[in-house]
Structure formats: structure tokens, C-alpha cells
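Secondary and tertiary structure notes
Each chain, written out:
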Amino acid sequence: MSIISLQPFGDVDFSILCYLREELSKKLSAECKIGKQVDLPEKAFDPSRKQYRSTMFLDQLKTLLPDKTLKGLAVVDVDLYVPRLSFVFGEAEVEGKHAVISLFRLHPQYYGQPQDIEIYQKRILKEAVHEIGHTIGLGHCSDSRCVMHFSNSIEDTDCKRESFCSNCLDYLVEESEEAKF
Ligand code: ZN
Ligand code: ZN
């Protein structure tokens, strides 16, 4: 069975990791494991932006994943960026193995809203499935309800579902038939 490893960096709510483990294993028919929490990489922090560079988490993941891991997903609760964008919800290697998601901008409180665990969990699941979708080889989808639609803002994330549209699903079925996933 395929193994997805969830790797927390820094403080990450353990109940969220358990939620992801359960939902991702159902959704992707994979065994899902939670790695031991490690420190945030200090060199990834940009003091002027007060954000962490997301690509560095992908590099760190490579040294941490247990054998037989098919996909590794870093989970962080700090704000992430890539140089050309003000922030990112996550990043992934397309047709690769490593991905990262940030919970930081998924908290309803970030937008001045009251805490709502259901909304918060759904957002996390969508971003996790989205980034893992990239590692399987999917690009961005034009269907705004598809989980592979690009999220520019939290409204985009809330608009999409946590599942794949039929086109993206067809691609995944073909990939799994080739036993890549
Ligand atoms: Zn994307
Ligand atoms: Zn799609």
C-alpha cells in the first residue's frame, strides 16, 4: 500500500494531524503516517517578511522521510512565501514526492472570524489534497469547484470542494493504473 508521511515542523495541533491522517488515507486509498515533530528550519525564516520560504521545507523533508514513503507532506503553522508571491498556502514538486502546506492563513481567526473547526479542517484537507495532487502530476484546473483550482485567496479555497473534478479524476485513475500511485 502507498504510504503518505505527514511531517510536522514546529508547533502543529496534533488533532489536526490525526484528522488529516484519517481523511487522506480514505481519500487517496493510502496508508498515512505522522512523523515526529521537528524544529522549524531557522534558515528558512526571512526576518524582513516575517515568513518562511516554503521551498526549504521541501528540501528538509527529503532528509526526514522514512523508507517506502511515496509522498511526504510537511505541515506547518507559520506563514509561507515564495519570492515572487506575497504568500502561499502550500507548495509541491509536480510529479515529485514532496509537498508542504501552511495552516497559518486557514484559521478563521486570521480573517477576524470566530474559530470554526469544521471550516478550518475542510480548508486544511483541500490544501493537502491539492498539493498531493501536484505531486501525482496534476496541474491547476480551471474548474473553480475542483480541488486542483489555484487558491489566490481564502475565498477560492472555500469555493472549491475537497474532491477532484471528473477530468482530474480521470488523470488520477490512469496514473494509478500505471501503478505510480
Ligand atoms: Zn497549486
Ligand atoms: Zn479538476
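Let us look at the structure shown here. The shown structure was predicted, so the numbers you read here are calculated from the model rather than taken from an experiment.

Attention now goes to the overall build of the chain. In terms of helices and strands, the chain carries 5 helices and 8 strands. Secondary structure elements of the chain, listed N to C terminal, follow the sequence β-α-β-β-β-α-β-β-β-β-α-α-α. Against the 2.2 N^0.38 benchmark of 16 Å for 181 residues, the chain shows a C-alpha radius of gyration of 15 Å, consistent with a compact globule. Dimensions of the chain along its principal axes, counting C-alpha atoms only, are 45 × 35 × 30 Å. The buried share among the 181 residues of the chain stands at 50%.

Another aspect to go through is the packing of helix H1 (residues 14-27) against helix H3 (residues 117-136). Packing of H1 against H3 brings their axes to within 10 Å, and their N-to-C directions diverge by 50 degrees. For the element pair H1 / H3, the angle class is oblique. Relative to H3, the crossing made by H1 is right-handed. Between H1 and H3, the residues in contact are Ile16, Tyr19, Leu20, Glu23, Leu24 and Lys27 and Tyr120, Gln121, Lys122, Ile124, Leu125, Ala128, Val129 and Ile132, respectively. Of the residues that constitute the contact of H1 with H3, the class distribution is 10 nonpolar, 1 polar and 3 charged.

Attention now goes to the pattern of salt bridges. By the definition in use, this model includes 8 salt bridges. Its salt-bridge partner being Glu93, residue Lys62 comes within 3.3 Å of it at the nearest N-O pair. You can see Lys62 sitting in helix H2 (residues 54-64) and its partner Glu93 sitting in the loop between strand S7 (90-92) and strand S8 (98-102), a full 31 residues away along the chain. On the accessibility criterion, Lys62 (46% relative accessible area) is partly exposed. Given the relative accessible area of 21%, Glu93 is considered partly exposed. The shortest N-O distance in the salt bridge between Lys160 and Glu127 comes to 3.9 Å. On the criterion of sequence distance, the pair formed by Lys160 in the loop between helix H4 (154-159) and helix H5 (166-177) and Glu127 in helix H3 is long-range, its members being 33 residues apart. Linked through salt bridges whose partners overlap, the residues forming this network are Asp59, Lys62 and Glu93.

Moving on, we get to the pairing of strand S1 (residues 3-9). Moving residue by residue along a regular strand, the side chains alternate between the two faces of the sheet. A large share of S1 lies buried, amounting to 7 of its 7 residues. The alternating pattern of S1 places Ile3, Ser5, Gln7 and Phe9 on one face and Ile4, Leu6 and Pro8 on the opposite face, and all of these are buried. Two elements, S1 and strand S2 (residues 31-34), share 4 bridges in a ladder whose sense is parallel. Paired with Ile4 across the strands is Cys32, a residue of S2. You can see the chain leave S1, run along H1 and come back into S2, and the turn it takes is right-handed. Relative to strand S5 (residues 71-76), S1 is paired through 6 bridges, and the arrangement is parallel. Across the sheet, Gln7 pairs through a bridge with Ala74, a residue of S5.

So, about the packing of aromatic side chains. Given two aromatic rings, one states the distance between the centres and the angle between the planes to describe the pair. Within this structure, the stated rule accounts for 6 aromatic pairs. Seen from their ring centres, Phe9 and Phe57 are 5.1 Å apart, and the 85 degrees between their planes marks the pair as edge-to-face. Pair noted here: Phe9 is in strand S1 and Phe57 is in helix H2, with a separation of 48 residues, a long-range link. Arranged with centres 5.1 Å apart and planes meeting at 85 degrees, the rings of Phe87 and Phe89 form a pair that is edge-to-face. Pairwise contacts between aromatic rings join Phe9, Phe45, Tyr52 and Phe57 into one cluster. The ring centre of Phe87 lies 4.0 Å from the NZ or CZ of Arg105, which sits over that ring.

Thresholds, definitions, all that
Residues numbered from 1 in each chain as written. Chains lettered and ligands numbered in written order. Predicted model: local features only at pLDDT ≥ 70, side-chain atom pairs only at ≥ 80, totals over all residues. Heavy atoms only, no water. Helix = DSSP H or I, 4+ residues; strand = E, 2+ residues; numbered from the N terminus. Rg over C-alpha atoms; globule rule 2.2 N^0.38 Å. Buried < 20%, exposed > 50% of the residue type's maximum accessible area, 1.4 Å probe, protein only. Axes fitted to C-alpha atoms, helices over the stretch in contact; angles between N-to-C directions. Parallel < 35°, antiparallel > 145°, perpendicular 65-115°, else oblique. Left-handed = near helix turned anticlockwise from the far one by under 90°. Contact = heavy atoms within 4.5 Å. Nonpolar A, V, L, I, M, F, W, Y, C, P; charged D, E, K, R; others polar. Salt bridge = Lys/Arg side-chain N within 4 Å of Asp/Glu carboxyl O. Pairing = 2+ DSSP bridges. Right-handed = clockwise from strand over helix to strand, strands pointing away. Phe/Tyr/Trp six-rings, centres within 6.5 Å; stacked < 30°, edge-to-face > 60°. Lys NZ or Arg CZ within 6 Å of the ring centre and 35° of its normal.

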